[in-house]
Every structure is written in C-alpha cells, then in structure tokens.
Amino acid sequence: MDHVCVIEGIMGSGKSSAVINQILRNSREKTMIIVNYIKEGERYKEKLEEKNFKLMGETIKHSKTADLKRALEKQENIICTKALFEMNMHLIKEYVSEYILIIDEAMNDIIETYKFPSLYITHGKNEEENKELDKKKSGKNKLKVDCKNLKEYSITEKDMRIMLSNEILIKEEETSKLLWNNKLEEPTIYDIIKEDFSTYDIYEFQNNYIKVIPLEIFKAFKRIIVLTYMWNSQIMRYYFNMHGINEFHIEYPIMKDKKVIIKNGQLEEVSEENKTQKFKLTQFEMEYLKYADMLKEQARKHIFLESRGDKWTYKDYTEKEINLSYSFYLNDAKKPEYESIIKRLKSNVNNCIKNNELFPNKATRKEMWTVYKDALEVITDRKYGNISIRGLNEKNFVSFNKIATNEYSDKNTLFYLIDRYKNPFIKSFIEAKTKIKFDEEGYALSELIQWIWRSAIRNNQDIYLYIASERMNKLFNTWLNTEEKTSSILSESLRKSNKELWTNLDEKRAKFVQRFSESYKWQWF
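Turning our eyes to something else, we now look at the sheet that holds strand E12 (residues 208–212). Ordered by their spatial adjacency, 5 strands build an open sheet running E6-E12-E11-E10-E9, and the pairing between neighbours is antiparallel. The open sheet is flanked by strand E6 (111–113) and strand E9 (169–171), the only strands paired with a single partner. Sheet twist, expressed as the mean angle between neighbouring strand axes with direction ignored, is 35 degrees. Sheet topology note: the strand E10 (residues 177–180)/strand E11 (residues 201–205) ladder contains 2 bridges and is antiparallel. Each residue of the ladder has a partner; that of Lys177, found in E11, is Tyr203.

What follows concerns the packing of helix H1 (residues 15–26) against helix H2 (residues 38–47). In contact at an axis separation of 10 Å, H1 and H2 are set at 35 degrees when each is read in the N-to-C sense. Both H1 and H2 take part in a crossing whose hand is right-handed. For the pair H1 and H2, the contacting residues are Ser16, Ser17, Ile20 and Leu24 in the first and Arg43, Tyr44 and Lys47 in the second. Classifying every residue of the contact of H1 with H2 by side-chain character gives 3 nonpolar, 2 polar and 2 charged.

The next point concerns the layout of surface pockets. Taken as a whole, the largest pocket encloses approximately 1,600 Å³ of empty space. Taken together, 41 residues make up the lining of the largest pocket; nearest its centre are Glu112, Phe400, Asn401, Arg420 and Lys422. Contributions of two or more residues to the lining of the largest pocket are made by helix H4 (82–87), E6, E12, helix H13 (326–331), helix H16 (424–434) and helix H17 (440–452). Per element, the largest residue contribution to the lining of the largest pocket is 4 residues, and it comes from H17. Grouping the constituent residues of the lining of the largest pocket by class yields 15 nonpolar, 13 polar and 13 charged.

Here we take up the packing of aromatic side chains. Counted under the stated rule, the structure contains 29 aromatic pairs. Each ring, one from Tyr114 and one from Phe197, has its centre 6.1 Å from the other, and the planes form 75 degrees; the classification is edge-to-face. Of this pair, Tyr114 sits in the loop between E6 and strand E7 (118–122) while Phe197 sits in helix H8 (residues 194–199), placing them 83 residues apart in sequence. With a relative accessible area of 8%, Tyr114 lands in the buried category. Take Phe197: its relative accessible area is 7%, and that puts it in the buried class. Residues Trp369 and Phe397 carry aromatic rings whose centres are separated by 5.2 Å and whose planes lie at 70 degrees to one another, so their mutual orientation is edge-to-face. Of this pair, Trp369 sits in strand E19 (residues 367–370) while Phe397 sits in the loop between helix H15 (376–380) and strand E20 (413–416), and the two are 28 residues apart along the sequence.

Quick look at the side chain of Asn241 now. Inspection of the secondary structure puts Asn241 in helix H10 (residues 235–242). Beyond its immediate stretch of four places on either side in the chain, Asn241 contacts Asn246, Phe248, Thr434 and Ile436.

Calculation notes
For every chain, the first residue of the written sequence is number 1, and numbering continues from 1 onward in sequence order. In keeping with the predicted nature of the model, local features appear solely for residues at pLDDT of at least 70, side-chain atom pairs appear and are counted solely at 80 or more, and the whole-chain, interface and lining totals rest on all residues. As a rule here, side-chain values cover all heavy atoms of the structure and leave hydrogens and water aside. Pairs of strands are assigned from DSSP output, requiring at least two bridges between the strands. Elements are defined by DSSP. Helices are runs of H or I of four residues or more, strands are runs of E of two residues or more, and each kind is numbered from the N terminus. Between the N-to-C directions of two axes lies an angle of 0 to 180 degrees, each axis being a line fitted to C-alpha atoms and, for a helix, fitted only over the stretch in contact. Handedness of a helix crossing follows the sense of rotation of the near helix relative to the far helix, less than a right angle counterclockwise being left-handed and clockwise being right-handed. By definition, residues are in contact when any of their heavy atoms lie within 4.5 Å. In this classification, Asp, Glu, Lys and Arg are treated as charged, Ala, Val, Leu, Ile, Met, Phe, Trp, Tyr, Cys and Pro as nonpolar, and every other residue, Gly included, as polar. Any residue with an atom within 4 Å of a point lines the site, the site being either a cavity, points on a 1 Å grid over the protein atoms alone where a 1.4 Å probe fits but cannot get out, or a pocket, an open set with protein on both sides within 12 Å along at least 5 of 7 lines. Grid points are joined across faces, edges and corners, and a volume is the space filled by probe spheres set on the points. Centres within 6.5 Å are what make two rings of Phe, Tyr or Trp a pair, Trp counting through its six-membered ring; a difference in plane orientation under 30 degrees is then read as stacked, over 60 as edge-to-face, and the rest as tilted. Under the scheme applied here, a residue whose accessible area is under 20% of the maximum for its type counts as buried, over 50% as exposed, and between as partly exposed, the area being computed with a 1.4 Å probe on protein chains only.

Spelled out as structure tokens, the structure:
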C-alpha cells in the first residue's frame, strides 16, 4: 500500500461520479470497488460497463466466495459488498497486490466490540438418549433436534481465563492483543472462536473485547481510495491513525464546467444521463469549498427544521435533564418513573405530524424515523407513555447508521429520536491507541447528516425534519447554516506545520498542493 487517498465531499457533490469518470478516462490497473449494498454495486457496474467490472453476488447460481475467487484468479475488475469483502479477507489478500481498492463510504465498523458466539448444546432426557443423539450426529442422516432440548451456553470471562491459563490464547503484554495458539494439536470446545481470532485482531480492553480488521488486508492492495464526508470524524480515520498512518492525500469532487454550475444564482440540476461526465476531482480545496457552499445553500432552501415551542428538553421525576442516549433507552425508558418523558417525546412527534404545514395531508406525507433498535417498541407500543404515534411503525423505520442507499429517497417527513454517542469502550480504545481525543460531536453530526441525506433532500426536494435531541438539533442547525470554509481533512499537525501556506489560501494554494502532492508522489492510475 503506497498511501491512502481520501475523496472528501458533501453529499450530492458527485464523489462516486467523479471517481467513475476518473476510472473511465485513466484506469489501466485492476480495481476493486467496495460498496455497502448490492444495488449500489449495480449502479457502478452499469456506469463502468466498458471496463468489464464483475459484480459479486449479482446472481445466486454460484457461491459468492467461489465467484470472487474466480474473478481474483483472472485478475478481473471487481465490485463487491463490504460484507463479502470482510468474509473473504484471507482469500483477497493472496491476489490483490496489483489492485487499487476503492471504498465507497468509510468503513466505520472497522473497530467494534467483540461479542463471543453462543453454543447450543443438545441434551437428551437421560444417558441412553444422549448416546442415541451422539450416534445420530455422527451418522449421514440429518439430526432433527427438538428445540426444547437445546441449551444455550455463552463464553464467559471464566472461559477467557481458562484459555489464557492453558495457552489456547496468548496475550501480547504491550498491546493487549489476543493471539490464537496455532501450535495446539488437540481440538477444544473453544475452537468455535478460532476463526474469529484468525480473521480479526482482537484486543482485551477495560474488561471488554474489541474486534479490529487487520491492517494487512489493506496493505495487500497497491493503493487505497476512500469516498467520504467529514473524514476527520470517521472511525476509519482513527483506525489508520492507530496504525501510524496520520497523513492522507486529499482530493475533492467538483463540476467540470463552471458555466453549467450556476444559473440565475443557483445550481443547475444535473440529469442522471450526463451526471458522470460533469464531475471531476481536484486537489484545490478552495475550488471545492465554493462548490460545497452552493450545495449547502441549496439544501437549506429545502429543509424545514422544526423549531417551534420547546420540544428538546426532557426532565425526569427529580427534574434532572435526560438525553435520549442508548443508555437511557436501554436502562430507563421502560421504567414507570420515566413514563412522563416517553409520553412527552411521543406527544412532540404527534404534534409535529399534526402541525406539519409542509405536508399536512397523509397522502403526500411519507415518514421516515429512527431510534435505537433495542428501543423500537418504546416508540411503537402504546403501553410505553400510554400514547400512540400516528404514522411511525417498523415499516418506515430506518436505522440511524444507514448510509449509501437511495432506497428512501421518497421520504419527506423525518423524525430523529436519539442523542448519538459512540460506544464508550470503542471511544476509549481509540483514544488509548491513537493518543488523539475522539471527536464525539463530529462523529454524531456526520452520522446524522448521512441519515438525513437518505431522504428526499438528496433529490433537492422539500423535507420536514424533527430532531428530538437538543444537542443533535444544535449540531445540525449550526452545520447547515455555516459555510464549508474550513477543511476538516488535513491533520492539525499538518496545518500547524504549514501555517504560512494557510494565511492566504487563494494566493498560495497552488504552491501548497504542488508540495503536498510531490511529498506523496501521488498518481491516480
């Protein structure tokens, strides 16, 4: 891996279109594109038809892994989902030394808490029945198991101590990374997690376990290109920092023909037919920022952010202010003493629906909402807060971390009912490994913006938006009404070391970009 390139651009700025155009014009090297969903992969395949990209999982005639292996052996251009990529990292590493890897949206699940799998043990009623079950298990016929006889067993901290004391697992003292002892000859019951320790880097941290995708999979590629927005706030950026990669080559999407961009002071609509041809990449940040500001100004005209009354402050029975965090929903929301908070939250949503002047009619109103999945019934079940919400149900629920999909682009009435914080163990782990303070506000904001842009706003259509959390409401409102005049890309150390170049960006930009590019010896293809 020579280096990491980041394509930084606000939603709708043409990141993927610019990359597609770059591939069509220049690429002679093998490319693998990673997408979140197969539907987005279909779009890439259609636009890159002349480059003969193979979309993995497009049909169900063959095994996806087998198809992927065949394509890699033939050194074909490949499009696959992140899920398939992660499932086949060992396979992929063997073939991609000459490939460029393009990742559409930062992989923020690259660092996660590790949950041990459960064992399901079949028990007979007596010793004879257990022997009979063992015979059936070893025979050719499939065993039909009575679910009543299944017993779930979860690996516990005691099991971890057993594995460490018996050297099934070996702990690196300096890093707290847990390694599977491959020298063991005898199988153990713990072999069910062996594959996880072979696939991921797993760390013990603050009495928890953290799962990290190994850097080796990315180092296997010739170059890495990540399409994203607010890169400095993405988990993937911290992941590279954790591995000593602290500076990135940055490019930005802009429209090619500036005469086409502005018409009567506004951006001209770009049809899908000629969209790809109208975008290119630039290293000139100021050029992009002016373009991004116009996109944001256009979005402001289409977003009605609920601001009437007092709909953002929630106090418990002791008058203590409550935020709508995961901890609140998981631990307190169903308790009787917090019923008044849930009642108020639901009443706020109902009032927003009732007084929605933008979409007053049910026929034109298309709802989309989110809360933590573990708290779905708190919102949908009348028994919590003794009140129902009209229009919100599991069918129009959209997960708060949904990204990179056009599936909900018809939704025009949005309800964001959480106060987003990163898992505290992940946050602490990142800070411990990188020695960098985690940007909690930036991370929450970037996720919220991505969620909002799943809706009709991505097509420059009007949307009504209620953000129940005061903190999240302020974060979004500030972002929406602030110019993109300060880049969130380059590291603070790089900015400080090049302070003189940032004094007058317009005059010194060319010189800065030349120095920056030469230091990386960057080339696209």
